[in-house]
Amino acid sequence: MLIGGQPTRTIWPTAEGAVEILDQSRLPHEVVTVRLEGLADAAAAISEMKVRGAPLIGVTAAYGMALAASEDPSDPALAAARARLTATRPTAVNLAWALRRMSEVLAPLPPAHREAAAWAEAFIMANEDVAACRAIGEHGADLIGEIAARKPGETVNILTHCNAGWLATVDWGTALAPIYVAQERGMALHVWVDETRPRNQGAALTAFELGQQGIDHTIIVDNAGGHLMQHDQVDLCLVGADRVTGAGDVANKIGTYLKALAAKDNGIPFWVAAPGSTIDWAMDDGVAQIPIEERSAHEVTHLWGALEDGTFGVVQVSAPGSAAANPAFDVTPARLVSGLITERGRCSATAAGLRGLFAEA
Ligand code: MRU
């Protein structure tokens, strides 16, 4: 998608055998790229959230394995690389999915052939992610089109949480891809952007990418959504996912569950967009089984941003000395999810619905 009118991706390999990423920890204030020279850089980029969002975490991990194979393609070195990358962030299952796929490709090969194979596979995975997200966009735009048809001549108001746009993937995004395709199809849209405390991925990243794409949007505090839903100002809630169980429970950024509850109470459709790589077929009880990342309390008590004098800085927003807790994700039970949008089409948030699209999984 576009930054300054230029088509841009979030991650790409360089001719010199490194990987470049857009540093999302500096957005929206600075557009800078960072070069990942080795496995350690890739692991740090994920854990420090220079890259984030479930599909992009997976693709970065795949490139991390390629960087590792360039350093040492032996079995013990690749096993250690996989363990190191696995430990970076626990909730998005795309990470484990990507690492398993890389291991399945690399393990049967003689070590001398692994470096080239790893780079090739990571590149394929990045392009597959782009294609999957574009397909999610097409299927999701059909849904938006159905809502638009029920209010001809009026704007469709969509509420989203966190950032599940192109910055969370290689390109296009998951929850925002339908919005971009709907824009291509000429629909009138407005997006309510939850700021998404504590890291503000909505206010910083979703608002940035919607603005770059010329989509009408308004940032709201996280607690405003229920009020807007009660007053007919939301036609559709559309969010991404970090893990979807085989039964349709959805882990996504903390606060998603509360939006789903409010949507249910107000009869507003609540849809989740995610590629097949986000489905964890080994789990069927999201609340009990999905690991929830606990992040630093410092993210709750302090904020980074642009100061009024144009410099950047960190300010403390909490009472000094108070304890803070920072669970980064929550689980929305399948019963609150109107449906799932995948690259293979739409389905109910049920085991039968998912199996209908992914029979081979
Ligand atoms: O902590 P983050 O920024 O990695 O969390 C991202 C989200 O929760 C997204 O909604 C999710 O990964 C879907 S990305 C297409």
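See the structure printed just above.
Quick look at the structure, then.

Scoring rules and cut-offs
Residues numbered from 1 in each chain as written. Predicted model: local features only at pLDDT ≥ 70, side-chain atom pairs only at ≥ 80, totals over all residues. Heavy atoms only, no water. Helix = DSSP H or I, 4+ residues; strand = E, 2+ residues; numbered from the N terminus. Rg over C-alpha atoms; globule rule 2.2 N^0.38 Å. Contact = heavy atoms within 4.5 Å. Areas by Shrake-Rupley, 256 points an atom, 1.4 Å probe, with all protein chains shown as cover. Buried < 20%, exposed > 50% of the residue type's maximum accessible area, 1.4 Å probe, protein only. Arc of directions from axis to C-beta. Salt bridge = Lys/Arg side-chain N within 4 Å of Asp/Glu carboxyl O. Core = buried A, V, L, I, M, F, W, Y, C linked by side-chain atoms within 4.5 Å. Domains from an automatic or database assignment. Pairing = 2+ DSSP bridges. Axes fitted to C-alpha atoms, helices over the stretch in contact; angles between N-to-C directions.

## Quick notes on the overall build of the chain
Working step 1: The helix and strand inventory of the chain stands at 12 helices and 18 strands.
Working step 2: In terms of overall size, the chain behaves like a compact globule, its C-alpha atoms giving a radius of gyration of 20 Å where 361 residues would be expected to give roughly 21 Å.
Working step 3: Each of the three principal axes of the chain carries a C-alpha extent, and together these read 60 × 55 × 40 Å.
Working step 4: Within the chain, residue pairs in contact and separated by at least 24 positions form 73% of the contacts whose partners lie at least 6 positions apart.
Working step 5: Entry remark: accessible area of the chain is about 14200 Å², with carbon and sulfur atoms responsible for 54%.

## Considering helix α9 (residues 256–266)
Working step 1: Turning to α9, its buried residues are Thr-256, Lys-259, Ala-260, Ala-262 and Ala-263. Buried residues of α9, seen end-on, are gathered within an arc of 165° and therefore sit on one face of the element. Relative to its buried face, α9 has exposed residues pointing more than 90 degrees away, namely Leu-258, Lys-264 and Asp-265.
Working step 2: Following α9 by one or two positions, Gly-267 has its phi on the positive side, about 65°.

## Some remarks on the pattern of salt bridges
Oppositely charged side chains can form a pair if their charged atoms are brought close together.
Working step 1: Considering all chains together, one arrives at 19 salt bridges under this definition.
Working step 2: A salt bridge links Arg-114 to Asp-75, with the shortest nitrogen-to-oxygen separation between them at 2.8 Å. Of the two residues, Arg-114 sits in helix α5 (residues 111–149) while Asp-75 sits in helix α3 (residues 75–86), which places them 39 residues apart along the sequence.
Working step 3: One salt bridge connects Glu-299 with Arg-295, and the closest N-O pair in it is separated by 2.9 Å.
Working step 4: Judged by relative accessible area, which is 15%, Arg-295 ranks as buried.
Working step 5: Counted as one network, the salt bridges with shared partners bring together Arg-89, Arg-199, Glu-293, Arg-295 and Glu-299.

## A look at the environment of Ala-96
Working step 1: Turning to its location among the elements, Ala-96 is positioned in helix α4 (residues 94–106).
Working step 2: Classification of Ala-96 by relative accessible area gives partly exposed; the value is 33%.
Working step 3: Ala-96 sits 181 residues away from Ser-277 along the chain, and the two C-alpha atoms are 9.5 Å apart.

## A word on the nonpolar core
Working step 1: Among the nonpolar cores identified, the biggest contains 77 residues, and Ile-144 and Ile-179 are the most heavily contacted of them.
Working step 2: Looking at this core, the element that brings in the most residues is α5, giving 14 residues.
Working step 3: Two domains each donate at least three residues to this core, and these are domain 1 (2–128) and domain 2 (139–357).
Working step 4: When sequence neighbours within four positions are dropped, the list of residues in contact with Ile-144 reads Val-156, Ile-158, Pro-178, Ile-179, Ala-182, Met-187, Leu-189 and Leu-236.

## Concerning the sheet that holds strand β5 (residues 33–36)
Working step 1: Taken in spatial order, the 3 strands make up an open sheet running β3-β4-β5, and their pairing is antiparallel. One side of each edge strand has no neighbouring strand; the edge strands of this open sheet are β3 (11–13) and β5. Recorded for the sheet is a direction-independent mean angle of 25° between the axes of neighbouring strands.
Working step 2: Taken together, the 4 bridges between strand β4 (residues 19–22) and β5 define a ladder with antiparallel strand orientation. In the strand pairing of β5, Ile-21 is matched with Val-34.

## Focus on the sheet that holds strand β16 (residues 329–332)
Working step 1: The sheet built from 4 strands is open, its strands ordered β13-β10-β11-β16 with mixed pairing. Two strands lie at the open edges of the sheet, namely β13 (279–280) and β16, each paired on one side alone.
Working step 2: Across 2 bridges, the pairing between strand β10 (residues 243–245) and β13 is parallel. In the strand pairing of β13, Thr-245 is matched with Asp-280.
Working step 3: The strands touched by α9 are β11 (250–253) and β16; relative to β16, the strand with the most contacts, the crossing angle is about 30°.

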